[in-house]
Every structure is written in structure tokens, then in C-alpha cells.
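Here is how the chains run, residue by residue.
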Amino acid sequence: GETFSYNDTLGERTTARGYQAAPAYSNGESVQEVGGGICQVSSTLYKATLLSNLEIVEHHNHSYVSAYIGIGMDATVSWGGPDYQFKNDTDYPIRIDAAYSGGQVTCTIYGAKLDDVRVEMTAETLQVNSCGTVYQDDPDMAEGTSTVVSSGHDGYVVQTYRNLYEGDKKISSKKEAYCVYRKKDRIVRVGTK
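Cut-off values and rules
- Residues numbered from 1 in each chain as written.
- Predicted model: local features only at pLDDT ≥ 70, side-chain atom pairs only at ≥ 80, totals over all residues.
- Heavy atoms only, no water.
- Pairing = 2+ DSSP bridges.
- Helix = DSSP H or I, 4+ residues; strand = E, 2+ residues; numbered from the N terminus.
- Axes fitted to C-alpha atoms, helices over the stretch in contact; angles between N-to-C directions.
- Contact = heavy atoms within 4.5 Å.
- Disulfide = S-S within 2.5 Å.
- Buried < 20%, exposed > 50% of the residue type's maximum accessible area, 1.4 Å probe, protein only.

Draft legend 1. View of the sheet that holds strand β10 (residues 146-150). In space, the three strands of this open sheet follow the order β9-β13-β10, with mixed pairing throughout. On the outer flanks of this sheet lie β9 (133-138) and β10, each paired with one strand and no other. Across the sheet, the mean angle from the axis of one strand to that of its neighbour is 30°, orientation sign disregarded. Two strands pair when backbone bridges link them, and β9 and strand β13 (residues 186-191) are joined in this way by six bridges, in the parallel orientation. In the strand pairing of β13, Q136 is matched with R189.

Set out below in C-alpha cells:
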């Protein structure tokens, strides 16, 4: 019956608490930030809780699609900002194990399995917002030259579904998360010197 809060459990991400700087998004740009990369763990835990068929209490997707997990399966967190929370809505305790090895994060949830129901997550892309290219004149670069400053990516609107199966038979399908990911235009500097 308890609710697990990612932010409350991990606390503030500071160097005094052992966190290091790593890439993180801030105002749409990738920056070095203490505790950057923490969303890889929250996203992996989110997927594990979905597959464990637990109740999601609070979830927020990133502004942009994450490369390390399937679309619609990410969970962004920030101290003092968005949190990820789920509830143990079973009648028994659960245990969460998280590990990092060989460049991979793993989250495992242990609990009492009282039925043969399994969960399969699916994502439906409802809309694609294609990125464009923005050209910026650069008087310090030679005319006829150009350089890509920022590679762009498309934006998406995605609906995820939690599908329950008994054996090969689908017994239910429920809308899980409605995720909106922004597009980011490609930026190219063009020399005018």
C-alpha cells in the first residue's frame, strides 16, 4: 500500500552526496549537471514497475525522445521538479534491486506472483512533428563553408498501452501514458566572410 517516490528516496543530487556531473537537459540544451543521467535509472525503474503491473502515481516524460529506452517508456525526474512515483497496490511487500554493470542499468522488482498474468507495453505514435533546418549567417567563416551546430530530431505524440495477457490471450488493454516530445530543429552555420 505504500507509495515509492524516486526523489524522496534518492534525495537531492549533490557532489557532497556522491553525485557527479553528466549530461542533462536544461531548457532544451544538453548541459553538464550534477546528477545528470539519473533519468536512465528512473526510466528503467518505470519500465520495471509497468511490467510488474504496479500502479503509477506520478510520471512525466522527457521533453525530447530518449535514446536509451523505447519511446513512451522514459520517466524524467528533477530535484524540486518532476518526480516518479508508484504504489505497491499488491497485498504483499515488494523489493526493488537496481544495479549498474557493463554500461547497463538494471532494475528488478521482486514480489509475490499469484497469477500467470504478464504485461506487454506497446506505444502508438499519434503524430510526428518533423524537424526543420535553421541556417545562421556567420561572418567569421569563409563564404561557401558551413558547419552543423546542432543536429535536430523530430517531435512525437505517443500513447502507451499496458496490455495484460494470460498465456497468449490478451485479457485487457489500458491507456497508460500520453507523451508529447518536442521537435528540435537542426542548426547550420553558413559562412558569409
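Draft legend 2. Focus on the sheet that holds strand β1 (residues 3-5). The strand order across the open sheet built from three strands is β1-β5-β4, with neighbouring strands paired in antiparallel fashion. One side of each edge strand has no neighbouring strand; the edge strands of this open sheet are β1 and β4 (55-58). Strand-to-strand, the axes of this sheet are offset by a mean angle of 25°, without reference to chain direction. Sheet topology places β4 next to strand β5 (residues 85-87); three bridges connect them, and they run antiparallel. Counterpart to E58 in the pairing with β5 is Q85. Helix-sheet contacts for helix α2 (residues 38-51) involve β1, β4 and β5, and the interaxial angle to β4 is about 140°.

Draft legend 3. Local environment of the state of the cysteines. Per the stated rule, a full pass over the model turns up zero disulfides. No disulfide involves C107; its sulfur sits 13 Å from that of C39, the nearest cysteine. C131 takes part in no disulfide bond, and the closest cysteine sulfur, belonging to C179, lies 20 Å away. Judged by relative accessible area, C131 falls into the partly exposed class, the value being 29%.

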